[in-house]
Amino acid sequence: MEPKITDSHCHLDFPQFEGELPALLDRAAQAGVHRMVTICTKLRQAPQVRALADAHAPVFWAAGTHPMSAADEPMASVDDLVSLAQHPKMVGIGESGLDYHYTAETKAVQQESLRLHIEACRQTKLPLIIHSRDADDDMARILAEEHRAGPFTCVMHCFSSGAALADAALDLGFYLSMSGIAAFPRSQDLRDTFARAPLDRVLVETDAPYLAPPPHRGKRNEPGFVAHTARIGAEVFGLDYADFAAATEANFDRLFWKAA
(Lines give C-alpha, C1' and ligand atoms only; values in the text may rest on other atoms or scores of the structure.)
Protein backbone atom coordinates (compact mmCIF):
# COMPACT_ATOMS: atom_id res chain seq x y z
CA MET A 1 0.00 0.00 0.00
CA GLU A 2 1.12 3.54 -0.73
CA PRO A 3 1.86 5.75 2.30
CA LYS A 4 -1.04 7.96 3.31
CA ILE A 5 -0.82 11.56 2.22
CA THR A 6 -3.14 14.60 2.03
CA ASP A 7 -3.74 17.04 -0.80
CA SER A 8 -4.05 20.21 1.27
CA HIS A 9 -5.42 22.41 -1.55
CA CYS A 10 -7.51 21.64 -4.63
CA HIS A 11 -10.64 22.92 -6.40
CA LEU A 12 -13.00 19.99 -6.93
CA ASP A 13 -15.96 22.23 -7.80
CA PHE A 14 -14.26 23.58 -10.91
CA PRO A 15 -15.81 22.58 -14.24
CA GLN A 16 -12.75 20.55 -15.26
CA PHE A 17 -13.93 17.84 -12.84
CA GLU A 18 -17.63 17.80 -13.66
CA GLY A 19 -19.00 14.25 -13.61
CA GLU A 20 -15.64 12.71 -12.75
CA LEU A 21 -15.43 12.93 -8.99
CA PRO A 22 -15.98 9.23 -8.11
CA ALA A 23 -13.26 8.10 -10.53
CA LEU A 24 -10.95 10.91 -9.40
CA LEU A 25 -11.35 9.90 -5.77
CA ASP A 26 -10.63 6.27 -6.65
CA ARG A 27 -7.40 7.25 -8.40
CA ALA A 28 -6.43 9.40 -5.45
CA ALA A 29 -6.97 6.53 -3.03
CA GLN A 30 -4.80 4.25 -5.18
CA ALA A 31 -2.01 6.84 -4.89
CA GLY A 32 -2.37 6.93 -1.08
CA VAL A 33 -4.21 10.27 -1.02
CA HIS A 34 -6.77 9.68 1.70
CA ARG A 35 -7.82 13.31 2.33
CA MET A 36 -8.12 16.52 0.36
CA VAL A 37 -9.24 20.07 1.08
CA THR A 38 -11.30 21.62 -1.69
CA ILE A 39 -11.23 25.41 -1.67
CA CYS A 40 -14.21 27.69 -2.25
CA THR A 41 -12.89 30.90 -3.85
CA LYS A 42 -16.18 32.85 -3.96
CA LEU A 43 -18.52 32.72 -0.98
CA ARG A 44 -21.62 32.52 -3.16
CA GLN A 45 -20.36 29.10 -4.24
CA ALA A 46 -20.07 27.82 -0.66
CA PRO A 47 -23.23 25.66 -0.79
CA GLN A 48 -21.91 23.65 -3.75
CA VAL A 49 -18.46 23.21 -2.22
CA ARG A 50 -19.93 22.24 1.15
CA ALA A 51 -22.10 19.66 -0.61
CA LEU A 52 -19.00 18.00 -2.06
CA ALA A 53 -17.56 17.59 1.43
CA ASP A 54 -20.87 16.27 2.74
CA ALA A 55 -21.09 13.70 -0.03
CA HIS A 56 -17.53 12.33 0.07
CA ALA A 57 -15.74 11.18 3.22
CA PRO A 58 -12.18 12.09 2.05
CA VAL A 59 -13.18 15.65 1.14
CA PHE A 60 -12.92 18.62 3.51
CA TRP A 61 -13.38 22.24 2.51
CA ALA A 62 -12.37 25.82 3.14
CA ALA A 63 -13.92 29.08 2.02
CA GLY A 64 -12.90 32.64 1.31
CA THR A 65 -12.72 35.26 -1.41
CA HIS A 66 -9.80 34.87 -3.78
CA PRO A 67 -7.82 38.12 -4.10
CA MET A 68 -8.34 38.23 -7.87
CA SER A 69 -12.10 38.28 -7.20
CA ALA A 70 -12.03 40.65 -4.24
CA ALA A 71 -13.16 43.68 -6.26
CA ASP A 72 -15.88 41.81 -8.15
CA GLU A 73 -17.50 39.85 -5.33
CA PRO A 74 -19.34 41.24 -2.30
CA MET A 75 -16.85 41.92 0.49
CA ALA A 76 -16.77 38.93 2.82
CA SER A 77 -17.65 39.86 6.38
CA VAL A 78 -16.08 38.29 9.44
CA ASP A 79 -19.55 37.12 10.47
CA ASP A 80 -20.05 35.42 7.08
CA LEU A 81 -16.82 33.50 7.43
CA VAL A 82 -17.38 32.58 11.07
CA SER A 83 -20.85 31.30 10.21
CA LEU A 84 -19.53 29.07 7.41
CA ALA A 85 -16.88 27.74 9.78
CA GLN A 86 -19.53 26.12 11.98
CA HIS A 87 -19.81 23.29 9.44
CA PRO A 88 -17.90 20.27 10.82
CA LYS A 89 -15.88 19.70 7.64
CA MET A 90 -15.03 23.37 7.01
CA VAL A 91 -11.38 23.34 8.10
CA GLY A 92 -9.81 26.63 6.94
CA ILE A 93 -10.39 30.25 5.95
CA GLY A 94 -9.44 31.24 2.41
CA GLU A 95 -7.93 31.30 0.04
CA SER A 96 -7.39 34.98 0.58
CA GLY A 97 -4.33 37.09 -0.01
CA LEU A 98 -2.76 39.43 -2.54
CA ASP A 99 -2.29 39.04 -6.29
CA TYR A 100 -0.58 41.96 -8.01
CA HIS A 101 0.29 39.96 -11.12
CA TYR A 102 -3.07 40.37 -12.83
CA THR A 103 -5.04 42.56 -10.44
CA ALA A 104 -2.65 45.15 -8.98
CA GLU A 105 -5.22 47.88 -9.60
CA THR A 106 -7.42 46.38 -6.85
CA LYS A 107 -4.66 46.10 -4.23
CA ALA A 108 -6.49 48.27 -1.66
CA VAL A 109 -9.60 46.06 -1.81
CA GLN A 110 -7.45 42.93 -1.66
CA GLN A 111 -5.70 44.17 1.46
CA GLU A 112 -9.00 45.02 3.17
CA SER A 113 -10.38 41.58 2.31
CA LEU A 114 -7.23 39.87 3.60
CA ARG A 115 -7.46 41.61 6.96
CA LEU A 116 -11.11 40.53 7.34
CA HIS A 117 -10.16 36.93 6.63
CA ILE A 118 -7.41 37.13 9.24
CA GLU A 119 -9.87 38.32 11.87
CA ALA A 120 -12.15 35.39 11.02
CA CYS A 121 -9.19 33.08 11.59
CA ARG A 122 -8.59 34.60 15.00
CA GLN A 123 -12.21 34.09 15.99
CA THR A 124 -12.52 30.52 14.68
CA LYS A 125 -8.95 29.35 15.38
CA LEU A 126 -8.91 27.92 11.85
CA PRO A 127 -5.85 28.37 9.66
CA LEU A 128 -5.65 31.08 7.03
CA ILE A 129 -4.92 29.89 3.48
CA ILE A 130 -2.85 32.52 1.67
CA HIS A 131 -2.51 33.16 -2.05
CA SER A 132 0.40 35.52 -2.75
CA ARG A 133 1.73 36.49 -6.17
CA ASP A 134 4.00 39.43 -7.01
CA ALA A 135 3.15 41.03 -3.66
CA ASP A 136 5.92 39.81 -1.37
CA ASP A 137 6.64 43.08 0.44
CA ASP A 138 3.01 43.97 1.19
CA MET A 139 2.24 40.37 2.14
CA ALA A 140 5.11 40.15 4.62
CA ARG A 141 4.18 43.52 6.10
CA ILE A 142 0.47 42.77 6.54
CA LEU A 143 1.02 39.31 7.98
CA ALA A 144 3.51 40.71 10.51
CA GLU A 145 1.24 43.64 11.45
CA GLU A 146 -1.78 41.41 11.90
CA HIS A 147 0.13 38.77 13.84
CA ARG A 148 1.31 41.43 16.28
CA ALA A 149 -2.31 42.54 16.68
CA GLY A 150 -3.40 39.00 17.55
CA PRO A 151 -1.96 35.58 16.68
CA PHE A 152 -3.37 33.28 14.01
CA THR A 153 -2.15 30.27 12.03
CA CYS A 154 -1.50 30.26 8.31
CA VAL A 155 -0.28 28.31 5.30
CA MET A 156 1.33 29.98 2.30
CA HIS A 157 -0.47 27.96 -0.35
CA CYS A 158 1.32 26.95 -3.56
CA PHE A 159 4.39 28.76 -2.30
CA SER A 160 6.55 30.01 -5.17
CA SER A 161 7.68 33.42 -3.91
CA GLY A 162 11.14 34.49 -2.90
CA ALA A 163 13.21 33.39 0.06
CA ALA A 164 12.52 36.65 1.93
CA LEU A 165 8.78 35.98 2.09
CA ALA A 166 9.43 32.37 3.05
CA ASP A 167 11.60 33.52 5.94
CA ALA A 168 9.02 36.10 7.01
CA ALA A 169 6.27 33.48 7.06
CA LEU A 170 8.35 30.88 8.85
CA ASP A 171 9.43 33.43 11.46
CA LEU A 172 5.75 33.94 12.29
CA GLY A 173 5.28 30.20 12.76
CA PHE A 174 3.46 29.73 9.45
CA TYR A 175 3.64 26.84 6.98
CA LEU A 176 4.77 26.61 3.34
CA SER A 177 2.88 24.38 0.93
CA MET A 178 4.71 22.66 -1.90
CA SER A 179 2.83 22.40 -5.21
CA GLY A 180 3.73 20.95 -8.59
CA ILE A 181 5.77 24.08 -9.30
CA ALA A 182 8.44 22.74 -6.94
CA ALA A 183 8.74 19.66 -9.16
CA PHE A 184 9.36 21.60 -12.38
CA PRO A 185 12.93 21.17 -13.68
CA ARG A 186 13.66 24.90 -13.59
CA SER A 187 12.48 25.36 -9.99
CA GLN A 188 15.78 24.64 -8.26
CA ASP A 189 15.73 27.98 -6.42
CA LEU A 190 12.30 27.14 -5.05
CA ARG A 191 13.44 23.68 -3.98
CA ASP A 192 16.39 25.30 -2.23
CA THR A 193 13.97 27.60 -0.37
CA PHE A 194 11.97 24.60 0.83
CA ALA A 195 15.15 22.77 1.81
CA ARG A 196 15.95 25.59 4.25
CA ALA A 197 12.50 25.36 5.88
CA PRO A 198 11.89 23.25 8.99
CA LEU A 199 10.43 19.89 7.97
CA ASP A 200 7.62 20.37 10.50
CA ARG A 201 6.39 23.43 8.58
CA VAL A 202 5.86 21.92 5.12
CA LEU A 203 2.65 20.73 3.44
CA VAL A 204 1.96 19.36 -0.04
CA GLU A 205 -0.85 20.19 -2.44
CA THR A 206 -1.96 20.04 -6.06
CA ASP A 207 -3.95 23.26 -6.59
CA ALA A 208 -5.83 20.99 -9.01
CA PRO A 209 -6.88 21.40 -11.76
CA TYR A 210 -3.80 23.61 -12.19
CA LEU A 211 -0.02 23.10 -12.04
CA ALA A 212 0.27 19.36 -12.60
CA PRO A 213 3.72 18.06 -11.66
CA PRO A 214 5.85 15.92 -13.97
CA PRO A 215 5.12 13.45 -15.51
CA HIS A 216 1.71 15.10 -16.03
CA ARG A 217 2.89 18.66 -16.61
CA GLY A 218 0.68 20.52 -19.08
CA LYS A 219 -2.29 18.27 -18.35
CA ARG A 220 -5.16 18.68 -15.93
CA ASN A 221 -4.00 18.20 -12.37
CA GLU A 222 -5.90 16.08 -9.83
CA PRO A 223 -5.46 15.17 -6.15
CA GLY A 224 -3.77 11.84 -6.79
CA PHE A 225 -0.88 13.65 -8.44
CA VAL A 226 0.17 15.18 -5.12
CA ALA A 227 2.18 12.00 -4.59
CA HIS A 228 4.51 13.03 -7.44
CA THR A 229 5.18 16.38 -5.78
CA ALA A 230 5.69 14.69 -2.42
CA ARG A 231 8.32 12.40 -3.91
CA ILE A 232 10.24 15.49 -5.01
CA GLY A 233 9.76 16.86 -1.49
CA ALA A 234 11.28 13.70 -0.06
CA GLU A 235 14.34 14.21 -2.28
CA VAL A 236 14.62 17.85 -1.19
CA PHE A 237 14.74 16.81 2.46
CA GLY A 238 16.83 13.68 1.88
CA LEU A 239 14.13 11.37 3.21
CA ASP A 240 12.44 8.18 2.15
CA TYR A 241 9.07 8.92 0.61
CA ALA A 242 7.20 7.20 3.45
CA ASP A 243 8.99 9.34 6.04
CA PHE A 244 8.30 12.56 4.17
CA ALA A 245 4.64 11.60 3.70
CA ALA A 246 4.36 10.88 7.44
CA ALA A 247 5.91 14.26 8.28
CA THR A 248 3.50 16.17 6.04
CA GLU A 249 0.60 14.20 7.50
CA ALA A 250 1.60 15.25 11.01
CA ASN A 251 1.96 18.86 9.84
CA PHE A 252 -1.45 18.83 8.18
CA ASP A 253 -3.08 17.37 11.31
CA ARG A 254 -1.48 20.07 13.46
CA LEU A 255 -2.54 22.96 11.26
CA PHE A 256 -5.89 21.71 9.95
CA TRP A 257 -6.93 20.36 13.31
CA LYS A 258 -10.62 19.93 12.42
CA ALA A 259 -9.66 17.39 9.76
CA ALA A 260 -7.35 15.44 12.06
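Located above this text is the structure these notes cover.
Residues numbered from 1 in each chain as written. Predicted model: local features only at pLDDT ≥ 70, side-chain atom pairs only at ≥ 80, totals over all residues. Heavy atoms only, no water.

1. Digging into helix α6 (residues 163-171)
Part 1 of the reasoning: Within the sequence span of α6, burial applies to L165, A166, A169 and L170. Along α6, the residues classed as buried sweep out an arc of 130 degrees about the axis, all on the same side. Opposite its buried face, α6 presents the exposed residues A164 and D171, each directed more than 90 degrees away. (Buried < 20%, exposed > 50% of the residue type's maximum accessible area, 1.4 Å probe, protein only. Helix = DSSP H or I, 4+ residues; strand = E, 2+ residues; numbered from the N terminus. Arc of directions from axis to C-beta.)

2. Observations concerning the pattern of salt bridges
Part 1 of the reasoning: What the rule picks out here adds up to 15 salt bridges.
Part 2 of the reasoning: The partner of R35 in a salt bridge is D253, and the shortest N-O contact between them spans 2.8 Å. Of this pair, R35 sits in strand β2 (residues 33-40) while D253 is found in helix α9 (residues 241-255), placing the two residues 218 residues apart along the sequence.
Part 3 of the reasoning: The class of D253 is partly exposed, set by a relative accessible area of 29%.
Part 4 of the reasoning: Note that R122 is salt-bridged to E146, the shortest N-O span being 2.7 Å. Of the two residues, R122 is situated in helix α4 (residues 107-124) and E146 in helix α5 (residues 136-149); the sequence distance between them amounts to 24 residues.
Part 5 of the reasoning: A relative accessible area of 15% places R122 in the buried class.
Part 6 of the reasoning: Members of the salt-bridge network, linked through shared partners, are R115, E119, R122, D138, R141, E145 and E146. (Salt bridge = Lys/Arg side-chain N within 4 Å of Asp/Glu carboxyl O.)

3. A short note on the sheet that holds strand β3 (residues 59-63)
Part 1 of the reasoning: Sheet architecture is open: eight strands sit in the order β1-β2-β3-β4-β5-β6-β7-β8, paired in parallel fashion. Each having just a single partner strand, β1 (5-10) and β8 (202-204) make up the two edges of the open sheet. Looking at each pair of strands side by side, their axes are set apart by 30 degrees on average, direction ignored.
Part 2 of the reasoning: Pairing between β2 and β3: five bridges, direction parallel. By the bridge assignment for β3, C40 is matched with A63.
Part 3 of the reasoning: Set on the sheet, α5 makes contact with β4 (90-99), β5 (128-133) and β6 (154-156); between it and β5 the angle comes to about 155 degrees.
Part 4 of the reasoning: Where α6 meets the sheet, its contacts fall on β5, β6 and β7 (175-178), and the angle it forms with β7 comes to roughly 130 degrees. (Pairing = 2+ DSSP bridges. Axes fitted to C-alpha atoms, helices over the stretch in contact; angles between N-to-C directions. Contact = heavy atoms within 4.5 Å.)

4. Details of the packing of aromatic side chains
Part 1 of the reasoning: Under the criterion given, the structure shown has five aromatic pairs.
Part 2 of the reasoning: For the pair F159 and F194, a centre-to-centre distance of 6.3 Å together with 85 degrees between the ring planes defines the contact as edge-to-face. You can see F159 sitting in the loop between β6 and α6 and its partner F194 sitting in helix α7 (residues 188-195), a full 35 residues away along the chain.
Part 3 of the reasoning: Since its relative accessible area comes to 3%, F159 is described here as buried.
Part 4 of the reasoning: Aromatic side chains F252 and F256 sit 4.8 Å apart centroid to centroid with 20 degrees between the ring planes, which places their arrangement in the stacked category.
Part 5 of the reasoning: Overall, the relative accessible area of 1% leaves F252 in the buried class.
Part 6 of the reasoning: According to the relative accessible area criterion, F256 is buried, its value standing at 0%.
Part 7 of the reasoning: When the ring centre of F184 is taken as origin, the NZ or CZ atom of R217, which lies over that ring, is 3.7 Å away. (Phe/Tyr/Trp six-rings, centres within 6.5 Å; stacked < 30°, edge-to-face > 60°. Lys NZ or Arg CZ within 6 Å of the ring centre and 35° of its normal.)

5. Comments concerning unusual backbone geometry
Part 1 of the reasoning: A cis amide bond, omega 25 degrees, links G94 with the succeeding residue E95.
Part 2 of the reasoning: Looking at the element boundaries, E95 is found in strand β4.
Part 3 of the reasoning: Across the junction of A208 and P209, the peptide omega takes the value 15 degrees, indicating a cis bond.
Part 4 of the reasoning: Locating P209 in the fold gives a position in the loop between β8 and α8 (226-237).
Part 5 of the reasoning: Backbone geometry at D134 places phi at a positive 55 degrees, although glycine is not the residue there.
Part 6 of the reasoning: With respect to the element layout, D134 can be found in the loop between β5 and α5.

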